[in-house]
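Summary of structural features
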Amino acid sequence: MKFTVMTLFPAMVDRVLNESIIGRARKKDIISVDCVDIREYTQDKHRRVDDYPFGGGGGMVMRCQPIYDCYQDIVQKNKPKPYVVYVSPRGTVLNQKKAKELSTLPHLAVLCGHYEGIDQRVLDEIVDEEISIGDYVLTGGELPACVLIDCISRMLPGVLAEESSYENESHYNGLLEHPQYTQPRSWMEKEVPTVLTDGNHRLIEKWKNEESIKLTKKMRPDLIRRPVPDNKRLRFVTQEDHDILIEMMDSFYHTPGVLHEVPKGYFEKTFQQIINGDPYVNAYIIQFERKTAGYCLLSHTYSNEAGGLTVWIEEVFVSPDFRGHKLADKALREIFDLYGEDVSRYRLEVTADNKTAKKIYYRLGFKMLDYQQMIKE
Ligand SMILES: C[S@@+](CC[C@H](N)C(=O)[O-])C[C@H]1O[C@@H](n2cnc3c(N)ncnc32)[C@H](O)[C@@H]1O
């Protein structure tokens, strides 16, 4: 994969990405990193690249011209043109899912800001996406660019040593990694858990999984609500599910159990929220014999009345070809297992005459609510 970094400090990025695993990946030509100096493109006779902001305020703003000319030069030298990410604190916060998605691109160009940022007009002209590396502000985009490139590169084949797989690590499957131990077996009277030294691989795997869940519940309870995808019936939605999921959502909104049509643009928006790891939404693909049979869309909220996390079962849909296998029923039971005690209440809406759905929900333990619902949009 090819990376081009547009920056005022090319040496800074180049040096960081020349060390260790990423440095080796560059030497082995698994990735290439080209750091381009934006200042080389300025037409200002004093080589300035920034100016005072219109409307006042402190600091300087990077001007359009050098950045645009730098970009044009990159585009001219690279066909097809690269996907451009501006690293910025106002972007979508980077996560493992996003890095995985970007790792499928042939060429990524990363634009680094400095000072107070970049003139919006050039951003509107050349940037495909803004990505932040966290909710804090750094002096420049160079470190975020390194973080982004490191995170993407280690998921490319051949970058990590064969035995160390990123698939087992924190965040890949929605959980944090279990604790790790190495020699010596005893250190300051602290022992390595015996299960890891007894050689029973089944028990080792079980221990690792349990420790992962325990640790995630303790350190990041927000993640545990997005359970693991190693389930048979349910799996996480991935970018590849885009077309089929949108199609299924459209079918869902044409079933008799739904009272209102929904603009198709909403499906796209919801899909992006799911892929971006929005904490308020969660979705699963329902599988049957490894085929995509349906989906389940959930949203997360808090209820004082229920005393905790409330999960709305927004949509459960099984495609016509897969009906008759009780898939909706089984998928919901798996969801209850996956969320476990973290959830105080599940809620859903059902039309008064949808007898089939009501039968399933009653069987699963739902009861009718005496309240009437009201909405404002
Ligand atoms: C001082 S920051 C500008 C902050 C900007 N004035 C604001 O309030 O959003 C300078 C540059 O650092 C980079 N940067 C700072 N914090 C970042 C973060 N959390 N993630 C990604 N890039 C960041 C961006 O490229 C940004 O243009």
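Definitions and limits used
By convention here, each chain's residues receive numbers from 1 onward along its written sequence. Note on the predicted model: pLDDT of at least 70 is required for a residue's local features to be given, and 80 or more for side-chain atom pairs to be given and counted; whole-chain, interface and lining totals, by contrast, use all residues. For side-chain calculations, the full set of non-hydrogen atoms in the structure is used, while hydrogens and water are omitted. Only when DSSP finds a minimum of two bridges between them are two strands counted as paired. Numbering of helices and strands runs from the N terminus; a helix is a DSSP stretch of H or I covering at least four residues, while a strand is a stretch of E covering at least two. Note on method: axes are straight lines fitted to C-alpha atoms, helices fitted across the in-contact stretch only, with angles between N-to-C directions ranging 0 to 180 degrees. Within this analysis, patches are made of residues with over 30% relative accessible area and no salt bridge. Like charges are joined at 9 Å or less; nonpolar side chains (Val, Leu, Ile, Met, Phe, Trp, Tyr) at 5 Å or less. Using the Shrake-Rupley algorithm and a 1.4 Å probe, accessible areas are obtained, with residue cover drawn only from the displayed protein chains. Any Lys or Arg side-chain nitrogen found within 4 Å of a carboxyl oxygen on Asp or Glu counts as a salt bridge. Burial classes follow relative accessibility: with a 1.4 Å probe on protein chains only, a residue under 20% of its type's maximum area counts as buried, one over 50% as exposed, and anything between as partly exposed. We define proximity as follows: a residue is near a molecule or strand when any one of its heavy atoms falls within 4 Å of that partner. What qualifies as a polar contact is a pair of N or O atoms within 3.5 Å, subject to a donor-acceptor requirement within protein and to the restriction that residues adjacent in sequence count only when both atoms come from side chains. Here a cavity denotes a set of grid points, spaced 1 Å apart and computed over the protein atoms alone, in which a 1.4 Å probe fits but from which it cannot get out, and a pocket denotes an open set meeting protein on both sides within 12 Å along at least five of seven lines; residues with an atom within 4 Å of a point are reported as lining. Grid points are joined across faces, edges and corners, and a volume is the space filled by probe spheres set on the points. Side-chain classes follow a simple rule in which Ala, Val, Leu, Ile, Met, Phe, Trp, Tyr, Cys and Pro form the nonpolar group, Asp, Glu, Lys and Arg form the charged group, and the remainder, Gly included, forms the polar group. This arc is taken over the directions from the axis of the helix to the C-beta atoms. Throughout, a residue-residue contact means that at least one pair of heavy atoms, one from each residue, lies within 4.5 Å. Only buried residues count toward a nonpolar core, which is a set of Ala, Val, Leu, Ile, Met, Phe, Trp, Tyr and Cys residues joined through side-chain atoms within 4.5 Å. Aromatic pairs are defined between Phe, Tyr and Trp rings, using the six-membered ring for Trp, whenever the two ring centres lie within 6.5 Å; interplanar angles under 30 degrees are classed as stacked, those over 60 as edge-to-face, and all others as tilted. Definition used: whenever NZ (Lys) or CZ (Arg) falls within 6 Å of the ring centre and also within 35 degrees of the ring normal, the charge is taken to sit over that ring.

All right, on to the sheet that holds strand S13 (residues 308-318) then. Pairing within the open sheet is mixed, and its five strands lie in the order S10-S11-S12-S13-S14. At either margin of the open sheet sits one strand with a lone partner, and together these are strand S10 (234-236) and strand S14 (343-347). Direction aside, neighbouring strands of the sheet carry axes that sit 35 degrees apart on average. One ladder, built from eight bridges, connects strand S11 (residues 281-288) with strand S12 (residues 291-303); its direction is antiparallel.

Take a nonpolar patch on the surface next. On the surface, Phe9, Met12, Tyr115, Tyr136, Leu138 and Leu143 cluster together into a nonpolar patch covering about 540 Å² of accessible area. Structurally, the position occupied by tyrosine 115 is in the loop between strand S6 (107-112) and helix H5 (120-126). With relative accessibility at 35%, the residue tyrosine 115 sits in the partly exposed group.

Taken together, 20 residues sit near the ligand, with Tyr86, Val87, Gly113, Glu116 and Tyr136 positioned nearest. Tyrosine 136 is positioned such that a nitrogen or oxygen atom in its backbone is 2.8 Å from a nitrogen atom of the ligand. When residues of the shell around the ligand are traced back to their parent elements, those giving at least two are strand S5 (83-93) and strand S7 (129-132). Top contributing element to the shell around the ligand by residue count: S5, with four residues.

Within the structure shown, the criterion is met by one cavity of 30 Å³ or more. A volume near 30 Å³ is recorded for the largest cavity. Thr92, Val93, Leu94, Asn95, Lys98, Ile275 and Asn276 together form the lining of the largest cavity. Here the lining of the largest cavity is composed, by residue class, of three nonpolar, three polar and one charged.

Here helix H12 (residues 355-363) has its buried residues at Ala357, Lys358, Ile360 and Tyr361. Viewed along the axis of H12, the buried residues span an arc of 160 degrees, placing them on a single side of the element. When the buried face of H12 is taken as reference, the exposed residues oriented beyond 90 degrees from it are Lys355, Thr356 and Lys359. Elements in contact with the buried residues of H12: helix H11 (327-339). Once H12 finishes, glycine 365 follows within two positions and takes phi at roughly 100 degrees, a positive value.

Turning our eyes to something else, we now look at the nonpolar core. If you look at the biggest cluster of nonpolar residues, it comprises 30 residues, and the most contacted ones within it are Ile313, Leu332, Ile335 and Tyr346. Broken down by secondary-structure element, the contributors of at least two residues to this core are S10, S11, S12, S13, H11, S14 and H12. Here this core takes eight residues from H11, the largest share from any one element. In contact with isoleucine 335, other than residues within four places in its own chain, are Leu234, Tyr284, Cys296, Leu298 and Tyr346. Ala25, Cys35, Val110 and Val159 belong to the second-largest nonpolar core, a separate cluster that totals 28 residues.

Quick look at unusual backbone geometry now. The omega torsion across lysine 79 and proline 80 is -5 degrees, close enough to zero to call that bond cis. If you trace the backbone, proline 80 turns up in the loop between helix H3 (64-77) and S5. Even without glycine at this site, arginine 47 takes up a positive phi of about 60 degrees. Position of arginine 47 among the secondary structure elements: in the loop between strand S2 (32-37) and strand S3 (50-51).

Tallying each qualifying case throughout the model produces 17 salt bridges. Between lysine 98 and glutamate 101 there is a salt bridge, and its shortest N-O distance comes to 3.1 Å. Linking lysine 98 with glutamate 101, this pair stays in helix H4 (residues 96-102), spanning three residues, or about one helical turn. Where glutamate 129 meets lysine 98, a salt bridge forms, and the shortest distance between an N and an O atom there is 2.7 Å. Taken together, the positions of glutamate 129 in strand S7 and lysine 98 in helix H4 put the pair 31 residues apart, joining distant regions of the chain. Residue classification places lysine 98 among the buried positions, given a relative accessible area of 7%. Here the residues in one salt-bridge network are Asp44, Arg48, Asp51 and Arg63, joined through shared partners.

Within the structure shown, the criterion is met by 10 aromatic pairs. On the numbers, 6.4 Å between centres and 75 degrees between planes, the contact of phenylalanine 252 with tyrosine 295 is edge-to-face. With a gap of 43 residues between them, phenylalanine 252 in helix H9 (residues 242-252) and tyrosine 295 in strand S12 connect regions that are remote in the sequence. Accessibility classification places phenylalanine 252 together with tyrosine 295 in one group, the buried group. Grouping aromatic residues by their ring pairs yields a cluster made of Phe252, Tyr253, Phe267, Tyr295 and Phe317. Directly above the ring of phenylalanine 236 sits lysine 97, whose terminal nitrogen or CZ lies 5.5 Å from the centroid.

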